[in-house]
Amino acid sequence: MTSSPLTAPLDVELPSDRPAILHVESPGDASSWAAEYRESLRAQVTEHGALFVRGLELRDASQVGAVFAGLAGGLMPEREAFAPRQAYGPGLYSSTTWPANQPMCMHHELSYRLEIPGLMLFACLTAPGHGGATAVADGEQVLQALPTGVRERFEREGWLLTRSYNDEIGASLTESFGTDDRTEIERYCRAHSIDFTWQPDGSLHTVQHRSAIVRHPLTGRRCWFNQIGFLNEWTLAPEVREYLVDVYGEDGLPFNTRYGDGTPISEDVVQLLNTTYEQHTRREPWQAGDLMLVDNIRTAHSREAFTGERQVLVGMAEPRRLADCCPTSEASQR
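Because the structure is a prediction, the values reported are computed rather than measured.

**Some remarks on the overall build of the chain**
Then step 1. For the chain, the count of helices and strands is 9 helices and 20 strands.
Then step 2. Seen along its three principal axes, the alpha-carbon backbone of the chain occupies a region of about 70 × 40 × 35 Å.
Then step 3. A total of 334 residues make up the chain; the buried ones form 54% of that total.
Then step 4. When the 29 basic and 46 acidic side-chain charges of the chain are each reduced to a single mean position, those positions are 5 Å apart.

This is the structure we're talking about:
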């Protein structure tokens, strides 16, 4: 007896330097196809950390939203965003607004929250002229590759994210918290273990302590899981960092990261983290119509610099409590 189309194994290509890739013939109704193959696709993501699907011919935001819904059910609203996005529907967003000539380094999306997306969904409607890949790196492999001393300190202390909200750089209060009402923002911060201070000029400064290493809730494997390198001042282009320090001061940067005890992280450690990510990076250039699914806890992702137009839509799904991932920092378990 032959397997039915829904039970037949997916023919996934496993290149050494690229994410796992599934080539499909245009299914006609991409959202129905996604819903039917949801469990098989999700199993591939769990096994490989990320999965590229090519051939769905995704063309517009409404179609992408339907495919995302078929794959993940409800999508998460973004909270604590660090940069603006355009909303295309409930839980369906543009890529983060970020200069095209500056890369977004490897990170696990919203790893500084107490509730994190377990699954990231990406769909390319317009491919860039050059560059612009959403590359991925395995957090388990990165953890194993880091020097023992670096790994042990972050495991022992965790990491701090500091943010200073202003009207020029990064997400606004409304974009980050969904409101600009002080009472509601304070309530949110208290409920999510975020220390906050209102500055004399009315701006908000926050600090949150999180774990740098977690266990995957499905596999139990330990993963490097944070945004220490990406949101650190030393990852910024030198001229951007110089400008921000000059305008806002070292303690007023829009975002920065530190060791869990508050000690600054040196430039060489930040470079080490980003270099280790690069050594484990896999990339596949976007083509219009592509879909990519990423296990956000196991797999970091980046956005490389690009030229031309680029439109990639994003969804976040399968919320997980950070406390359920065995974090090493007590602040992450609240």
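**Some words on the sheet that holds strand S18 (residues 299–303)**
Then step 1. Strand order in the open sheet formed by 4 strands is S6-S18-S9-S16, with antiparallel pairing between adjacent strands. Either end of the sheet is taken by a strand with one partner, and the two such strands are strand S6 (104–107) and strand S16 (281–282).
Then step 2. In this structure, strand S9 (residues 136–138) lies alongside S16, joined through 2 bridges in antiparallel fashion. Note on S16: the bridge partner recorded for Ala137 is Thr281.

**Brief notes about the pattern of salt bridges**
Then step 1. Overall, the coordinates contain 21 salt bridges when judged by the stated rule.
Then step 2. Put simply, Asp261 and Arg153 hold a salt bridge, and the shortest N to O gap is 3.5 Å. Remark: Arg153 occurs in helix H5 (residues 148–157) and Asp261 occurs in the loop between strand S15 (255–259) and helix H9 (267–279); sequence separation between them is 108 residues.
Then step 3. For Arg153, a relative accessible area of 24% translates into the label partly exposed.
Then step 4. Each of Glu13, Arg18, Arg54, Glu284 and Asp290 takes part in a single network of salt bridges with overlapping partners.

**Considering the environment of Ile228**
Then step 1. Among the structural elements, Ile228 can be located in the loop between strand S14 (222–224) and helix H8 (238–248).
Then step 2. Classification of Ile228 as buried rests on a relative accessible area of 0%.

**So, the packing of aromatic side chains**
Ring pairs (aromatic) are described by centroid distance and by the angle formed between their planes.
Then step 1. A complete count under the given rule lists 10 aromatic pairs for this structure.
Then step 2. Residues Phe52 and Trp286 carry aromatic rings whose centres are separated by 5.0 Å and whose planes lie at 45 degrees to one another, so their mutual orientation is tilted. Of the two residues, Phe52 is situated in strand S3 (residues 50–54) and Trp286 in the loop between S16 and strand S17 (291–295); the sequence distance between them amounts to 234 residues.
Then step 3. Looking at Trp286, the relative accessible area reads 6%, which means it is buried.
Then step 4. Residues Phe154 and Tyr259 carry aromatic rings whose centres are separated by 4.9 Å and whose planes lie at 25 degrees to one another, so their mutual orientation is stacked.

**Regarding the sheet that holds strand S12 (residues 204–210)**
Then step 1. Spatially, S11-S12-S10-S15 is the arrangement adopted by the 4 strands of the open sheet, whose pairing is antiparallel. Edge positions in the sheet fall to strand S11 (194–198) and S15, since each has one partner strand and no second. Across this sheet, the average inter-strand angle for adjacent strands is 20 degrees, counted without regard to direction.
Then step 2. As judged from the 6 bridges shared by strand S10 (residues 159–164) and S12, these two strands associate in the antiparallel manner.

Scoring rules and cut-offs
- Residue positions within a chain follow its written sequence, with the count starting from 1.
- The predicted nature of this model means local features are confined to residues of pLDDT at least 70 and side-chain atom pairs, given and counted, to a pLDDT of 80 or more, with totals for whole chains, interfaces and linings taken over all residues.
- Each side-chain value is derived from all of the structure's non-hydrogen atoms; neither hydrogens nor water enter the calculation.
- Going along the chain from the N terminus, every DSSP run of H or I of four or more residues is numbered as a helix, and every run of E of two or more is numbered as a strand.
- Only protein chains enter the calculation, and the probe is 1.4 Å; a residue is then buried if its accessible area is under 20% of its type maximum, exposed if over 50%, and partly exposed in between.
- When charges are counted, Lys and Arg are positive and Asp and Glu negative, with His and the chain ends excluded.
- Charged side chains are reduced to one point each, which is NZ for Lys, CZ for Arg, CG for Asp and CD for Glu.
- Two strands are said to pair when DSSP picks up at least two bridges between them.
- Here, a salt bridge means any Lys or Arg side-chain nitrogen found within 4 Å of an Asp or Glu carboxyl oxygen.
- Side-chain rings of Phe, Tyr and Trp (the six-membered ring for Trp) are treated as a pair once their centres are within 6.5 Å; stacked means planes under 30 degrees apart, edge-to-face means over 60, and tilted covers the remaining angles.
- The axes used here are C-alpha line fits, helices contributing only the stretch in contact, and every angle between their N-to-C directions lies in the interval 0 to 180 degrees.

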